[in-house]
Amino acid sequence: MTRKKIVAGNWKMNLQLNDAIQLIDDIVSNSKDLSGVELMVFPPALFLLEIAKIKNELTVGVQNFYPKESGAFTGEISITQIKNCGASHVLIGHSERREIFHESEELIKQKVDAAILHEIGVVFCCGEPLHIRENESQSSYVKQQLIDSLFHLSDAEIQTCVIAYEPIWAIGTGRTATVDQAEEMHSAIRSWITEFYGIEIANSISILYGGSCNASNAKELFTCQNVDGGLIGGASLQAESFITIARSF
Ligand code: PEP
């Protein structure tokens, strides 16, 4: 079973509009000959309309939304609004949303359900903090995140999702998981999908690695049997490193 290879850029709260337009222009023009890899970008939502105009073959998503269609939720953007402005995917469960903005498993589950209802693709982020890795309970920790917010989906629904494993101690720290650590968790995630949905569905779902993945280490990480690509933060802010990562399969 061949799974989709995906390289996704999480731009976080970086760049001004001109920089973002330049970046997407550079990614589009330098990726024309790239085949067999889906490129996704998650710009700041404010830039969505402009980015969607020039995205060409790229998949564009947003980093956050509120899981209601409309109403009195000052400062929030809805799932229908982001769809209306050109997003086809959303990041859900990113550790920065969980930790800085105290998003609960319940809110994350509501976001998953809202995205599925509106046929928006989910990139579901999971991963353990350092103290959990240090006491070697990362497997049960990550499995519980998946059970709490993702594994309630039906067979058809889960197949529209991508999972990103992002050990928190590796995000933005320059410390990457070793190939063995990445493969161990990715194969565990696939075995849990098998437990809930069967082997065929498990083999069809792309599982991305995130956490200081860059142009120098992507090749090694992408050799892992169960690593189907990367969710890239810092190294997605330059077209050259982002494209080098995308050419690392
Ligand atoms: C991320 O935040 O999703 C991420 C992977 O960041 P970085 O690549 O900068 O570690």
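Residues numbered from 1 in each chain as written. Predicted model: local features only at pLDDT ≥ 70, side-chain atom pairs only at ≥ 80, totals over all residues. Heavy atoms only, no water.

Participant: Break down the overall build of the chain for me, citing the residues and quoting the values.
Facilitator: Helix and strand counts for the chain come out as 12 helices and eight strands. What you see for the chain is a C-alpha radius of gyration of 17 Å, in line with the 18 Å of a compact globule of 249 residues. Reported as C-alpha extents along the three principal axes, the dimensions of the chain are approximately 45 × 45 × 35 Å. Counting all 249 residues of the chain, 51% fall into the buried class. Partitioning the intrachain contacts of the chain with sequence separation of at least 6 by distance along the chain shows that 71% fall at a separation of at least 24. Of the roughly 11400 Å² of accessible surface on the chain, 49% is carried by carbon and sulfur atoms. (Helix = DSSP H or I, 4+ residues; strand = E, 2+ residues; numbered from the N terminus. Rg over C-alpha atoms; globule rule 2.2 N^0.38 Å. Buried < 20%, exposed > 50% of the residue type's maximum accessible area, 1.4 Å probe, protein only. Contact = heavy atoms within 4.5 Å. Areas by Shrake-Rupley, 256 points an atom, 1.4 Å probe, with all protein chains shown as cover.)

Participant: With reference to specific residues and values, describe the packing of helix α7 (residues 138–149) against helix α9 (residues 179–197).
Facilitator: Packed helices, taken two at a time, are described by the angle their axes make and the gap between the axes. Between α7 and α9, the least distance of the axes is 11 Å, while the angle of their chain directions is 45 degrees. Taken together, the axes of α7 and α9 lie oblique to each other. Where α7 crosses over α9, the handedness of that crossing is right-handed. Across the interface between the two elements, Q138, S139, V142, K143, L146 and I147 of α7 pack against M185, I189, W192, E195 and F196 of α9. Here the residues of the contact of α7 with α9 sort into seven nonpolar, two polar and two charged. (Axes fitted to C-alpha atoms, helices over the stretch in contact; angles between N-to-C directions. Parallel < 35°, antiparallel > 145°, perpendicular 65-115°, else oblique. Left-handed = near helix turned anticlockwise from the far one by under 90°. Nonpolar A, V, L, I, M, F, W, Y, C, P; charged D, E, K, R; others polar.)

Participant: Tell me about the sheet that holds strand β1 (residues 5–10), and please be specific about residues and values.
Facilitator: To summarise the sheet geometry, strands pair through backbone hydrogen bonds and adopt either a parallel or an antiparallel arrangement. Spatially, eight strands are ordered β1-β2-β3-β4-β5-β6-β7-β8 in a closed barrel, and the strand pairing comes out parallel. Going across the sheet, the axis of each strand differs from the next one's by a mean of 25 degrees, ignoring polarity. With five bridges joining them, strand β5 (residues 121–126) and strand β6 (residues 161–165) adopt parallel strand pairing. The residue bridging F124 from the neighbouring strand is I163, located in β6. Each of β5 and β6 touches α7; the most contacted strand, β5, lies at about 145 degrees to it. (Pairing = 2+ DSSP bridges.)

Participant: Quick rundown of the site of the ligand? Include the residues and the values.
Facilitator: Near the ligand, the surroundings consist of 15 residues, among which K12, H94, E166, G172 and S212 are the closest. Protein contacts shield 95% of the accessible area of the ligand, which totals 300 Å² for the unbound molecule. Classifying every residue of the shell around the ligand by side-chain character gives four nonpolar, eight polar and three charged. (Near = heavy atom within 4 Å.)

Participant: So what about unusual backbone geometry? Which residues, and what values?
Facilitator: Negative phi values dominate among residues other than glycine, just as trans dominates among peptide bonds. Positive phi is not limited to glycine here, since K12 has a value of about 50 degrees. Mapped onto the elements of the fold, K12 is located in the loop between β1 and α1 (17–30). For N56, which is not a glycine, the phi torsion comes out positive at approximately 55 degrees. Assignment of secondary structure puts N56 in the loop between α2 (48–54) and β3 (59–62).

Participant: Pulling in residues and values, what's your account of the nonpolar core?
Facilitator: Core analysis: the biggest nonpolar cluster contains 69 residues, and I27, L39, L146, L150, I189 and I193 have the highest contact counts within it. The leading source of residues in this core is α9, at seven residues. Excluding residues that lie within four positions of it along the chain, I193 makes contacts with F151, I163, G198, I201, A202, I205 and I207. Counting 11 residues, the second-largest nonpolar core is a separate cluster that includes I6, A8, V162 and L231. (Core = buried A, V, L, I, M, F, W, Y, C linked by side-chain atoms within 4.5 Å.)

Participant: Which residues make up the pattern of salt bridges, and what are the values?
Facilitator: Tallied over the full model, the rule gives 11 salt bridges. The salt bridge partner of D228 is R3, with a shortest N-O separation of 2.9 Å. Of this pair, D228 sits in the loop between α11 (218–222) and β8 (229–232) while R3 sits in the segment before β1, placing them 225 residues apart in sequence. In this structure, the salt-bridge partner of K12 is E96, at a minimum N-O distance of 2.8 Å. With K12 in the loop between β1 and α1 and E96 in helix α4 (residues 95–100), this residue pair connects regions lying 84 residues apart in the sequence. A relative accessible area of 27% places E96 in the partly exposed class. Each member of the salt-bridge network shares a partner with another, and the members are R3, R190 and D228. (Salt bridge = Lys/Arg side-chain N within 4 Å of Asp/Glu carboxyl O.)

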